[in-house]
Amino acid sequence: MLDQIKGLHHVTSLASDPTVNNAFFTKTLGLRRVKKTVNFDAPDVYHLYYGDTVGTPGSVMTYFPFPQMAAGRPGTGEVGTTVFAVPEGALGYWKERLSGLNVDGLAEDEAFGERRLHFAGPDGDGFALVEAPGDTRKAWSDGGVGDDEAIRGFHSASFRLRDDGATAELLKFMGYTEVDRGDGVVRLALENGNGADVIDLETMPNISHAGQGAGSVHHIAFAVENREKQLEVRKALADTGYQVTPVIDRDYFWAIYFRSPGGVLFEVATNEPGFDRDEDTAHLGEALKLPVQHAHLREALEDHLQPLTA
Ligand code: ZN
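Here the residue numbers are simple positions, counted from 1 along each chain's written sequence. Since the coordinates come from a predicted model, pLDDT governs what is reported: local features require at least 70, and pairs of side-chain atoms require 80 or more to be given and counted, while whole-chain, interface and lining totals use all residues. Each side-chain value is derived from all of the structure's non-hydrogen atoms; neither hydrogens nor water enter the calculation.

Peer 1: Explain the coordination of the zinc ion here, please?
Peer 2: Tetrahedral coordination by four donors places them ideally at 109.5 degrees to one another around the metal; octahedral coordination by six donors ideally gives 90 or 180 degrees. Here the zinc ion is held by His10 (NE2), His219 (NE2) and Glu267 (OE), and the distances to it run 1.9 to 2.0 Å. Only N, O and S atoms count as donors, using a 2.8 Å cut-off from the metal and 3.2 Å for Na, K and Ca, and because water is excluded some sites may appear unfinished. Each donor residue of the zinc ion belongs to the same chain, and together they define the spacing H-x208-H-x47-E. Placement of His10 in strand S1 (residues 8-15) and of Glu267 in strand S16 (residues 265-273) is noted, with a sequence separation of 257 residues between them. By the burial criterion, His10 is buried, and Glu267 matches it. Working definition: helices are DSSP H or I runs of at least four residues, strands are E runs of at least two. Numbering for both runs from the N terminus. The classification of residues rests on relative accessible area computed with a 1.4 Å probe and restricted to protein chains. Under 20% of the type maximum is buried, over 50% is exposed, and intermediate values are partly exposed.

As structure tokens, then:
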């Protein structure tokens, strides 16, 4: 069993309109845009990163907005719900705030003894907020949401699977242990993680495979401290038979990718070097940042990409 994985690093989803996406995460949810760059593999679309003050791993929701993209079709083999942690007692505030801003899909329930508020993102993305007592992570303080309510980072992600067996085995190999189960959901968690420590596996044997589109999670990334730990994880996965990509430089972290047995695309990303490697912390996410391989496209991209109003 591996011990290098420290929780979630980021969750990356697909979106349609970048302006609407940006407004939702910065204004409605009060996260900080910590990077405005392009999809390194398709530079004519943005890659937008939202998180806490510096984009601490475990807090970072990222998007590839393709302006005309059709909505995804929810199903199995994907991350169904991405869950953010908020302080104890904050759900009432969020219910009122999100309802006042006409956010779709509001529904309250309780799971594993935690109060939860579900809501939909601008493209129907599945989200929830959970009250997480004892979460000591610091929130972004300038997002228009008070410190008693602001999002701390991810709490968990919930996968929808035809069968959870092989994915549970993989997560256990990655360092997770089963901590609870109920209602067709198995809960796995990491000890000594970064706060974004929980994965729920929901079994839905009769639901067809998801079709990716706007509002779908594209991949989920797990955090390792540095490149050395990443290579250890890469070797262990490859030795177990997983087809893992080479290490790819994503400017703000190094990444490896592989497909998990239930269909969800996994990434393992380093905590180094971080989002402040090419921008002052005070101005994170403001300027369009391009990786060196796409720097020559700046003029065309600045002309082509929809301006973000905030
Ligand atoms: Zn990623």
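Peer 1: Teacher, can you tell me more about the sheet that holds strand S3 (residues 42-51) here?
Peer 2: By way of backbone hydrogen bonds, the strands of a sheet pair with one another, either parallel or antiparallel. One open sheet holds the 8 strands; their spatial order is S2-S3-S4-S1-S13-S16-S15-S14, and the pairing between them is mixed. The sheet is open, and its two borders are formed by strand S2 (32-39) and strand S14 (248-249), each paired with just one other strand. Paired strands, as defined in this entry, are two strands with at least two bridges between them according to DSSP. Judged from the 5 bridges that link them, S1 and strand S13 (residues 217-224) form a sheet pairing that is antiparallel. Note that in S13 the partner of His10 across the bridge is Ala221.

Peer 1: How should the pairing of S13 be read in this particular structure?
Peer 2: Along a regular strand, successive side chains alternate from one face of the sheet to the other. For S13, the tally of buried residues reaches 7 of 8 residues, placing the bulk of the element in the interior. When S13 meets S16, the two strands line up parallel, connected through 5 bridges. Pairing of Ala221 across the sheet is with Glu267, part of S16.

Peer 1: Explain the environment of Val217 here, please?
Peer 2: Checked against the element boundaries, Val217 lands in strand S13. It is 4.0 Å that separates the C-alpha atoms of Val217 and Ser13, two residues lying 204 residues apart in sequence. Contacts are assigned to residue pairs with any non-hydrogen atoms lying within 4.5 Å of each other. Not counting chain neighbours up to four residues away, the residues in contact with Val217 comprise Val11, Thr12, Ser13, Val79, Thr82 and Gln212.

Peer 1: What should I look at first to understand the pairing of strand S9 (residues 153-161) in this one?
Peer 2: Most of S9 sits inside the fold, with 9 of its 9 residues counted as buried. Bridge analysis of strand S5 (residues 78-86) against S9 gives 7 bridges, and the strand direction is antiparallel. Residue pairing across strands places Ala85 opposite Gly153, the latter belonging to S9. Pairing geometry for S9 and strand S12 (residues 198-203), over 6 bridges, is parallel.

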